Amino acid sequence: MDLVAIEEIKRLKHRYLRTLDLKRWDEFADCLEPDCQAEYGERLSFSGRDDIVAYMRKSLGPELITMHHCHHPEIDIDPGGHGASGTWALEDKVILWKDRLMITGATFYEDRYRRDASGAWRIARTGYVRLFEAMQPLPEGFRLTANRWADT
Amino acid sequence: MDLVAIEEIKRLKHRYLRTLDLKRWDEFADCLEPDCQAEYGERLSFSGRDDIVAYMRKSLGPELITMHHCHHPEIDIDPGGHGASGTWALEDKVILWKDRLMITGATFYEDRYRRDASGAWRIARTGYVRLFEAMQPLPEGFRLTANRWADT
Amino acid sequence: MDLVAIEEIKRLKHRYLRTLDLKRWDEFADCLEPDCQAEYGERLSFSGRDDIVAYMRKSLGPELITMHHCHHPEIDIDPGGHGASGTWALEDKVILWKDRLMITGATFYEDRYRRDASGAWRIARTGYVRLFEAMQPLPEGFRLTANRWADT
């Protein structure tokens, strides 16, 4: 079992999720292969890193607080060590604080990873079929006491 | 520190949780020792894999969306390497979407694991005392926009 | 990559979070360096382990159920191996069950760790800038069906 490669891939996914929720799009882009395929549920499919990043940059502005947490990695390195597969459990929450709506959900990611000549791993394919997703108005009396995007 | 055994046990627990929430009962059963003991809070105790799996199969049908996420593994391999102990933090959410109820909770698992002659780890004992568990009607205006079990 | 040190630091953080939510203040204290600096958002700063522990002991009594879950570790061991840096994603929930209020939030921790002469890691600095924090009354019909602190 190549524990170093497994830890590197976990870090890659963690960086992808951290830069997503912090809206750091250049660092986010660097987690993806140029030809990355993404299928986020039934309604959102992308072909290529540029498409994915352009969509995120446009759709996840400061009017949305997003929280994407991934758990339960099960990662298999391919024989040869140049590729890998992984599954993760996702829990996500999106607070549309200006519209006073909240989206919550959970699912399982199925990913493919690729290692370049320098040894760096990137996401080559990512996607999920939803376990559930729900929308609701923010609860009665729900009040943000901190919001990193409030002044932006 | 036997990092390979630790990673194997994390994967075992992740597979147990993934197959639980995806209702894949045969794969779920394979995560458990035949004589597995389980104590899920004060009200749910089982003796033996068959009892555990029969209960889950019967109780967690498509009218329930379940999400069980475990965090914070602290795993100790026994001297000799044939057994291990582990603690995990759990957060769970159950959406009874037909009854419009939701159960949420959190706790800490205390597990025992055993390795068979072929090297495979399985859960020999699992259980927790609840930190909290709460029931509530689904919030006003809560609407599922995706549900893997809707048509089943 | 020093995988043993990385696993030790993950365990340290997991123990810190477990003892925090179980209100085991002596074990919690042992996760911290004597001169530990902590900055939990804008409003809560502490200098020294004694200050941190005294505040937690006083503020997080049995009238509060707390759940602090950390995800997405990205840990770098310093050259030489006596210190380390780490980032983590946090999701927290506090149920003030007597006051029927709930606080939820998420953020990213930035930590520093130090290893003592015996090889044990402790937290030397910890803190975050909030992604979000929100307060709300407990939802209509929210009923605790288990509460570890109910009788204390």
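All of these numbers come straight from a predicted model, not from anything done at the bench.

A. Just the overall build of chain A, in detail. The helix and strand inventory of chain A stands at 3 helices and 7 strands. Reading chain A from its N end, one meets helices and strands in the order α-α-β-β-α-β-β-β-β-β. With the C-alpha coordinates of chain A rotated into their principal frame, the extents come out at 55 × 30 × 30 Å. Per-residue burial over chain A gives 60% buried out of 152 residues. Put simply, of all contacts in chain A between residues at least 6 apart along the chain, 57% involve residues at least 24 apart.

B. Layout of the relation of the copies chain A and chain C. Overlaying chain A on chain C yields an RMSD of 0.0 Å, the required transformation being a rotation through 120 degrees with an accompanying axial translation of 0.0 Å. The relationship between the two copies is best expressed as a three-fold rotation axis.

C. Main features of the interface of chain B and chain A. Listed per partner, the contact involves 32 residues of chain B and 27 residues of chain A. Interface area, chain B with chain A, both sides summed: about 2600 Å², of which 58% is carbon and sulfur. Linking chain B with chain A are 3 salt bridges. A salt bridge links A:Glu74 to B:Arg18, with the nearest nitrogen and oxygen atoms 2.6 Å apart. Summed over the shared surface of chain B and chain A, the result is 12 residue pairs in polar contact (both at pLDDT 80 or more). In terms of residues, the side of chain B that touches chain A owes the most to one element, helix α1 (residues 3–21) of chain B, which gives 10 residues. For the side of chain B that touches chain A, a count of residues per class yields 13 nonpolar, 8 polar and 11 charged.

D. Structural detail: unusual backbone geometry. Residue and element names in this part refer to chain A. For Arg100, which is not a glycine, the phi torsion comes out positive at approximately 55 degrees. Within the secondary structure, Arg100 is located in the loop between β4 (83–96) and β5 (101–115). The class for Arg100 is partly exposed, based on a relative accessible area of 40%.

E. Focus on the relation of the copies chain B and chain A. In the superposition of chain B on chain A (RMSD 0.0 Å, axial shift 0.0 Å), the rotation amounts to 120 degrees. The overlap is low: 9% of the interface residues of chain B also sit at the interface in chain A, so different surfaces are used on the two sides.

Rules used in this analysis
- Residues numbered from 1 in each chain as written.
- Chains lettered and ligands numbered in written order.
- Predicted model: local features only at pLDDT ≥ 70, side-chain atom pairs only at ≥ 80, totals over all residues.
- Heavy atoms only, no water.
- Helix = DSSP H or I, 4+ residues; strand = E, 2+ residues; numbered from the N terminus.
- Buried < 20%, exposed > 50% of the residue type's maximum accessible area, 1.4 Å probe, protein only.
- Contact = heavy atoms within 4.5 Å.
- Least-squares fit on C-alpha atoms with pLDDT ≥ 70 in both.
- Buried area = accessible area lost by both parts, 1.4 Å probe.
- Salt bridge = Lys/Arg side-chain N within 4 Å of Asp/Glu carboxyl O.
- Polar contact = N/O pair within 3.5 Å; in protein donor to acceptor, adjacent residues only side chain to side chain.
- Nonpolar A, V, L, I, M, F, W, Y, C, P; charged D, E, K, R; others polar.

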